[in-house]
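# Reading the structure
Now for the letters of each chain:
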Amino acid sequence: MVQKSINVSELQIERGKFKPILPDVLKNGASYVKPVRGKATQSVADQAKIKEIFKNTYGLPEITFKKDANATVTKKVIKVAVVLSGGQAPGGHNVIAGLFDGLKKANKKNVLIGYLGGPAGILENKYKVISKEVLNEYRNTGGFDFIQSGRTKIETPEQFCSTKDNLSVCEVDALVVVGGDDSNTNAAMIAEYFKKENSDKCVVGVPKTIDGDLKNKYIETSFGFDTATKIYSELVGNICRDVNSAQKYWHFVRLMGRSASHITLEVGLKTHPNIVLIGEEILAKNMTLVKVVENIVDVIVKRSQSGKNFGVALIPEGLIEFIPEMKELISVLNDTLAENADAVTELHLAEDKKEFICSKLPKKVSDLMKSLPVGIASQLMLDRDPHGNVQVSLIETEKLLIEMVQKKLAELKKADRYKGKFSAITHFFGYEGRCGIPSNFDANYTYALGYNAAVLVLNKLTGYLSSVRKLVKSPKQWVCGGIPLTMMMNIERRHGKEKPVIQKALVDLNGKPFKEFTRNKEKWAISESYIFPGPVQYFGPADVTDMTTKTLQYEQSKKK
Ligand code: FBP
């Protein structure tokens, strides 16, 4: 139990008492869980190329757990290492708690260590042994601060080799990687390397990311999405209420979600703001930046005609990469920056960097780059993350949109087609939600994912992602098992080269959550249909504390 001290809040003490509910199938521990092997699997795309890269781990069968005595679960003492990788997400500490409890239930002597600071901790052999007493302080808390996180990518032959050596030095039998699509791609590469080297070390992944884009039939949602979207919805709801009270500002809110607009869609469905931009729709309609701005202006003008010079607009942080012309610019820019890295580093002024890069780009994209404000252009040129992604969290799209909206409104005013006032305020909500205290859903889900990972490891099921599903049912009824990491892979271009990566799940434009949004968007634009969800609730009626996301509710509802 968490002890009272000046560093601990009252809520943390109470929350420390929460006992996550385990799915029935796991509740007696790994010795009473049997893996049932399904059909051999295939990667989602590029099968021949993925098979060639993952010669030893391609085509593994799906695994479903059922309640049954399992004598093959190792009675030998095992040592497992866990690493938290990538961006923080609420519930990471409960994954560690579930993993710890699952291992100890199988054999009290089993040991769990945590690599520190993400995958870099594996390469530098920095870790701590996880004890029950210290872990208890972190149960049901947000953040990754227990062992920290990082974005180092393990990809070179030397790094694979030192991963194997360092695990061997510490006598680690299995590695559990808690991460998003990139980190789990890494997990798949390590699992393949171990097999190739005839090592029986096991590698298992756990699906984490607030972005919600690591999902498929077997991974209904990644952990952290539920809590983070509840936190953003509280903030956006509060802004909607402020807007409706003062009736004088337009608020442009950019929300995290690097490559998919799930967070924006979920927050939109929870709060009903006037404008919700969904990147995937913009891509499907092949919209230009100018067209996106015109659509925003249409709503602003319409509202101003009824005297409403206020509103709320939600913008996914990955928007820029969904606008086809911008996507093309970024893709060419990725290669051009990689080819001219040294020359760009030598230049110090943002204007000079922009001019230099424009001179290296093909005419069409160069013209677009030139048309962008220098601030945005230099944000587009910032270093890619270790996985080759543009760091969209650093690109202030909301400011770009406001600047373009202001210009367009000024033109309309001149032509006497707009008489309103436009005063805009910007927000970016991302980091605010990533370390929140996990909701009941995330606290239960992450504990189950960790416990389930322990069962996979104890069955030596390497190359699998921990899978817990049927998530709109009560946790006791959740279905558990594992899905092969290679099953989710395709080939993408990163750092100018073709690489195998787990395919991201984008917002499905034929899916029920998006359809629900399109049914309502005209109404939300004009009227004030705002909803104010309030803060995440940890105590009180189950209807309030245990509700899942709108996305999951719509996706799993039987209604057409
Ligand atoms: P993961 O995919 O690693 O979970 O991280 C997602 C995310 O929160 C994005 O929404 C955001 O763009 C990015 O991390 C920010 O990265 P950083 O933490 O490196 O600033």
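Let me begin by describing the structure that accompanies this report.

Cut-offs used in this document
- Residues numbered from 1 in each chain as written.
- Predicted model: local features only at pLDDT ≥ 70, side-chain atom pairs only at ≥ 80, totals over all residues.
- Heavy atoms only, no water.
- Core = buried A, V, L, I, M, F, W, Y, C linked by side-chain atoms within 4.5 Å.
- Buried < 20%, exposed > 50% of the residue type's maximum accessible area, 1.4 Å probe, protein only.
- Helix = DSSP H or I, 4+ residues; strand = E, 2+ residues; numbered from the N terminus.
- Pairing = 2+ DSSP bridges.
- Near = heavy atom within 4 Å.
- Polar contact = N/O pair within 3.5 Å; in protein donor to acceptor, adjacent residues only side chain to side chain.
- Areas by Shrake-Rupley, 256 points an atom, 1.4 Å probe, with all protein chains shown as cover.
- Nonpolar A, V, L, I, M, F, W, Y, C, P; charged D, E, K, R; others polar.
- Contact = heavy atoms within 4.5 Å.
- Axes fitted to C-alpha atoms, helices over the stretch in contact; angles between N-to-C directions.
- Parallel < 35°, antiparallel > 145°, perpendicular 65-115°, else oblique.
- Left-handed = near helix turned anticlockwise from the far one by under 90°.
- Phe/Tyr/Trp six-rings, centres within 6.5 Å; stacked < 30°, edge-to-face > 60°.
- Lys NZ or Arg CZ within 6 Å of the ring centre and 35° of its normal.

### Some words on the nonpolar core
Judged by nonpolar contacts, the single largest core of 79 residues is most densely connected at Leu 26, Phe 65, Val 82, Ile 96, Leu 112, Val 176 and Tyr 232. With twelve residues, the top contributor of residues to this core is helix 20 (residues 440–458). Within the second largest apolar cluster, 48 residues are counted, among which are Leu 289, Ala 313, Val 365 and Leu 372.

### Things to note about the pairing of strand 13 (residues 464–469)
Of all the six residues making up strand 13, six are buried; the element is thus mostly covered by neighbouring parts of the structure. Taking every second residue as pointing to the same face, both faces of strand 13 are buried, with Tyr 464, Ser 466 and Val 468 on one and Leu 465, Ser 467 and Arg 469 on the other. In this structure, strand 8 (residues 202–207) lies alongside strand 13, joined through two bridges in parallel fashion. Its bridge partner lying in strand 13, Val 204 is registered against Tyr 464. Bridging between strand 13 and strand 14 (residues 479–484) involves six bridges; their strand directions are antiparallel. Considered in strand 14, the bridge of Ser 466 is made with Gly 482.

### Side note on the site of the ligand
Close contacts around the ligand come from 14 residues, with Gly 87, Arg 151, Asp 211, Glu 317 and Tyr 431 the closest. A distance of 3.0 Å is found between an oxygen atom of the ligand and a side-chain nitrogen or oxygen belonging to Thr 209. Separating an oxygen atom of the ligand from a side-chain N or O atom of Glu 317 is a distance of 2.5 Å. Here the ligand has 490 Å² of accessible area as a free molecule, and 87% of this is covered by the chains. Across the shell around the ligand, the residue classes break down as three nonpolar, five polar and six charged.

### Section: the sheet that holds strand 12 (residues 424–429)
Neighbouring strands of a sheet are bound in pairs by backbone hydrogen bonds; such pairs are parallel or else antiparallel. Read across the open sheet, the four strands follow the order 10-11-9-12; overall the sheet is parallel. Sheet topology places strand 10 (275–276) and strand 12 at the edges, where each strand pairs with a single neighbour. Two elements, strand 9 (residues 250–255) and strand 11 (residues 311–316), share six bridges in a ladder whose sense is parallel. Opposite Phe 252, over in strand 11, you have Ala 313 as the bridge partner. Strand contacts of helix 18 (residues 397–414): strand 9, strand 11 and strand 12, with the helix running at about 160° to strand 12, the strand carrying the most contacts.

### Here's the deal with the packing of helix 8 (residues 225–246) against helix 9 (residues 262–271)
Each pair of packed helices can be summarised by the angle the axes make with each other and by the distance between the axes. For the pair helix 8 and helix 9, interaxial distance at closest approach is 9 Å and the crossing angle is 50°. With respect to their mutual orientation, helix 8 and helix 9 come out oblique. Viewed along their axes, helix 8 and helix 9 form a crossing whose handedness is right-handed. Together, Phe 225, Thr 229, Lys 230, Tyr 232, Ser 233, Val 236, Gly 237 and Cys 240 of helix 8 and His 262, Ile 263, Glu 266, Val 267, Lys 270 and Thr 271 of helix 9 make up the contact between the two elements. Classifying every residue of the contact of helix 8 with helix 9 by side-chain character gives six nonpolar, five polar and three charged.

### A word on the environment of Phe 310
As for its placement among the helices and strands, Phe 310 is situated in the loop between helix 11 (289–305) and strand 11. If near-sequence neighbours (up to four positions away) are discounted, Phe 310 is found in contact with Val 243, Asn 244, Gln 247, Lys 248, Tyr 249, Trp 250, Arg 303, Glu 528 and Tyr 530.

### Quick look at the packing of aromatic side chains
Pairs of aromatic rings are described using the distance from one ring centre to the other and the angle between the two planes. With the rule as written, the count across this model stands at 13 aromatic pairs. Arranged with centres 6.4 Å apart and planes meeting at 65°, the rings of Trp 250 and Phe 252 form a pair that is edge-to-face. Grouped by ring-pair contacts, the aromatic residues Phe 160, Tyr 193 and Phe 194 constitute a single cluster. Sitting above the plane of the Phe 428 ring, Arg 254 keeps its charged end 3.9 Å from the centroid. Note that Arg 303 overlies the ring of Phe 310, its terminal NZ or CZ placed 5.0 Å from the centroid.

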